[in-house]
Amino acid sequence: MIKVRIPTPLRPLTKNQGEVSVAAASIEDLVNNLEAAYPGIKARLCDDKGELRRFVNIYVNEEDIRFLKGKDTALKTGDEVSIVPAIAGGSPWPA
Amino acid sequence: MSHAVTELVIPRPILDDMIAHARELAPHECCGLLAGTDRIVHRLYRIKNIVALEGAHYLSSFDAAKVAHLERLSPAERAEIAFVMDMQDFSTAKKDMRQRGLDLLVVYHSHPHDPARPSGTDIKIATDYEEIWPKINLAVPSYLLISLMNGEPEIQNYWIKSGQVSPAPFIIR
Ligand SMILES: [Zn+2]
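Residues numbered from 1 in each chain as written. Chains lettered and ligands numbered in written order. Predicted model: local features only at pLDDT ≥ 70, side-chain atom pairs only at ≥ 80, totals over all residues. Heavy atoms only, no water.

Trainee: I'd love a proper account of the pattern of salt bridges, names of residues and values included.
Mentor: Summed over the entire model, instances satisfying the criterion amount to 16 salt bridges over all chains. Aspartate 64 of chain A is paired through a salt bridge with arginine 66 of chain A; the nearest N and O atoms lie 3.2 Å apart. For aspartate 64 of chain A, a relative accessible area of 1% gives the class buried. Members of the salt-bridge network, linked through shared partners, are Arg54 of chain A together with Lys48, Asp86 and Asp89 of chain B. (Salt bridge = Lys/Arg side-chain N within 4 Å of Asp/Glu carboxyl O. Buried < 20%, exposed > 50% of the residue type's maximum accessible area, 1.4 Å probe, protein only.)

Trainee: How would you summarise the environment of methionine 97 of chain B if you had to cite specific residues and measurements?
Mentor: Residues and elements named next belong to chain B. Position of methionine 97 among the secondary structure elements: in helix α6 (residues 87-100). Judged by relative accessible area, which is 3%, methionine 97 ranks as buried. C-alpha separation for the pair methionine 97 and isoleucine 50, spaced 47 residues apart in sequence, amounts to 22 Å. Methionine 97 has contacts with Leu33, Ala35, Tyr45, Leu102, Asp103 and Leu104, leaving out every residue within four places of it along the chain. (Helix = DSSP H or I, 4+ residues; strand = E, 2+ residues; numbered from the N terminus. Contact = heavy atoms within 4.5 Å.)

Trainee: Lay out the coordination of the zinc ion with the relevant residues and their values.
Mentor: Tetrahedral coordination by four donors places them ideally at 109.5 degrees to one another around the metal; octahedral coordination by six donors ideally gives 90 or 180 degrees. Around the zinc ion, the protein contributes the donor atoms Gly90 of chain A (O), His109 of chain B (NE2), His111 of chain B (NE2), Asp122 of chain B (OD) and Asp122 of chain B (OD), which lie 2.0 to 2.7 Å from the metal centre. Overall, histidine 109 of chain B belongs to the buried group, its relative accessible area being 4%. Given a relative accessible area of 0%, histidine 111 of chain B falls into the buried group. (Donors = N, O, S within 2.8 Å, 3.2 Å for Na, K, Ca; no water.)

Trainee: Describe in detail the interface of chain B and chain A, supporting the description with residues and values.
Mentor: Listed as interface residues are 49 residues of chain B and, on the opposing side, 29 residues of chain A. Interface area for chain B against chain A, summed over the two sides, is near 3,400 Å², with a carbon-plus-sulfur share of 60%. Considering only the surface of chain B that becomes buried against chain A, Leu59, Met87 and Lys135 of chain B emerge as the three largest contributors, covering 20% of it. Summed over the shared surface of chain B and chain A, the number is five salt bridges. The salt bridge partner of arginine 5 of chain A is glutamate 131 of chain B, with a shortest N-O separation of 3.5 Å. (Buried area = accessible area lost by both parts, 1.4 Å probe.)

Trainee: For α6 of chain B, give the residues involved together with the corresponding values.
Mentor: Quick reminder: α-helices carry 3.6 residues per turn. Residues three or four places apart thus point the same way. Residues and elements named next belong to chain B. For α6, with 14 residues, the first-to-last C-alpha span of 20 Å sits near the 20 Å given by 1.5 Å per residue. By the burial criterion, the buried members of α6 are Met87, Asp89, Phe90, Ser91, Ala93, Lys94, Asp96 and Met97. Regarding α6, its N-cap is aspartate 86, as a side-chain oxygen of that residue lies 2.8 Å from the backbone nitrogen of glutamine 88 further along. Two residues or fewer past α6, glycine 101 is found with a positive phi of approximately 70°. (Expected span 1.5 Å × (residues − 1). Polar contact = N/O pair within 3.5 Å; in protein donor to acceptor, adjacent residues only side chain to side chain.)

Trainee: Give a detailed account of the sheet that holds strand β2 (residues 19-22) of chain A, specifying residues and quantitative values.
Mentor: Across a sheet, strands are paired by hydrogen bonds formed along the backbone, either parallel or antiparallel in direction. Residues and elements named next belong to chain A. Sheet architecture is open: five strands sit in the order β2-β1-β5-β3-β4, paired in mixed fashion. This sheet does not close on itself; its edge strands, each paired only once, are β2 and β4 (63-64). Taken together, the two bridges between strand β3 (residues 56-60) and β4 define a ladder with antiparallel strand orientation. Bridge assignment links valine 60 to a residue of β4, and that residue is glutamate 63. (Pairing = 2+ DSSP bridges.)

Here it is, written out as structure tokens:
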């Protein structure tokens, strides 16, 4: 099983769990298995072609999967996966 | 002594580059990172603001009210009141910092029409992010705001911890 850290904006989809465990041999696997357990999560992470959206990162043991093998990155038991939302902010409400 | 250790040092050329970034993107918000060692900034990384990208505001920690407000705006208008960092740019910057032995010190963004103070959204998202920094092997940065609402840019730097905002003084050298 792989431990996956879920950020605050996605927790409404994971019954408010900040960490979930899924069986997966690759990132693609992991995203599909997350989707099976928590419908709607995949669309938040990936575009129509299955590529990681630019406003989210997936880190495997602190390395961005973009610098590994993307969705083909292999996973093994004990790996820690973190889904990291974009750093964001804004101005105060306009008057 | 502790004062000298904790005060951030921003070299004038880097400060000027950051102001130029804010002015180039105005009326849209700019965003970026400052990295260095021993509280001295050595490098600036401009990060693309992708708030206008489809779906970007959903995965950021904007609250429901801010999302509802953003939805009423055109993509270009969204960038006037919010930023979402391009996380591919962010990872590239993070990797560069690691290769150069630099620490992330500051997350900066501009307020084209508002004061150099963190908004409610800024505070909420920074607070949500507190638990993320250690997971990605980075120290909690300070947050620097550049206001362009008056003629001269106003720049302020803050710590945002557990929803509390406190000044993070810096000196320009
Ligand atoms: Zn702001």
